[in-house]
Amino acid sequence: MKIAVAADERTGVADAVVEQLRARGHEPVVHGALAEGDRADWAWCCEAAARDVAEGRAGQAVVCCWTGTGASIAANKVAGIRAALCGDAATAEGARKWNDANVLALSLRATSEAELTEILDAWFAAGPSEDAEDRANVEHVQAIERERR
């Protein structure tokens, strides 16, 4: 799967995201500090990665900034995106399962490479829940988004 990756800084964790995605058989599409000539500011690069997902150029995205908060905010402004800031594997699993998240947001400051591995393991092992209540919540979020337009 093509996975858009954005980071506003080139750190060990940012590089590790790209390396781990490749090792898992995915094709990273890089933005920001990871792509020469790209604007590295978090709002711009995370928007670009989210647009890759929303417009079908990537199946999912991983967006990163110092805290992960700005990355998730920028990505969530793009229609069709459900970005989740995940600091541990349980949160990543829940984001995929209950929220049908399609963008993983990470903190470049707080995510160790060991945690990154656990988070990615959980993210890719989980899929969207088929439970009617869970689906209703995701559909309601999509309806809220349509009202904003």
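To be clear, the structure that these remarks concern was listed above.
Residues numbered from 1 in each chain as written. Predicted model: local features only at pLDDT ≥ 70, side-chain atom pairs only at ≥ 80, totals over all residues. Heavy atoms only, no water.

> Would you mind going over the sheet that holds strand 5 (residues 103–107) with me for this structure?
Strand order in the open sheet formed by five strands is 2-1-3-5-4, and the pairing between neighbours is parallel. Only two strands of the sheet have a single partner each, and these edge strands are strand 2 (27–32) and strand 4 (83–85). Taken over all neighbouring pairs, the strand axes of this sheet differ in orientation by 20 degrees on average, direction set aside. Summarising the sheet, strand 4 and strand 5 pair through three bridges and their orientation is parallel. Bridge pairing in strand 5 places Leu 85 opposite Ala 105. Running over the sheet, helix 2 (residues 42–54) touches strand 1 (2–7), strand 2, strand 3 (60–65) and strand 5 and is turned about 170 degrees from strand 3. (Pairing = 2+ DSSP bridges. Helix = DSSP H or I, 4+ residues; strand = E, 2+ residues; numbered from the N terminus. Axes fitted to C-alpha atoms, helices over the stretch in contact; angles between N-to-C directions. Contact = heavy atoms within 4.5 Å.)

> Any chance you could explain unusual backbone geometry here in plain terms?
Both trends apply: most residues other than glycine have a negative phi, and most peptide bonds are in trans. The backbone of Asp 100 shows a phi angle near 50 degrees, a positive value even though the residue is not glycine. In this fold, Asp 100 is placed in the loop between helix 4 (89–99) and strand 5. Residue Asp 100 is classed as buried on the basis of its relative accessible area, which comes to 14%. (Buried < 20%, exposed > 50% of the residue type's maximum accessible area, 1.4 Å probe, protein only.)

> Explain the pattern of salt bridges to me, please; I cannot follow it from the model alone.
Across all of its chains, the model carries nine salt bridges by this definition. Between Asp 100 and Arg 82 there is a salt bridge; the shortest N-O distance is 3.4 Å. Taken as a pair, Asp 100 in the loop between helix 4 and strand 5 and Arg 82 in the loop between helix 3 (69–76) and strand 4 lie far apart in primary sequence, 18 residues in all. For the pair formed by Asp 100 and Arg 82, the shared burial category is buried. Via salt bridges that share partners, Arg 82, Arg 96, Asp 100 and Arg 135 belong to a single interconnected network. (Salt bridge = Lys/Arg side-chain N within 4 Å of Asp/Glu carboxyl O.)

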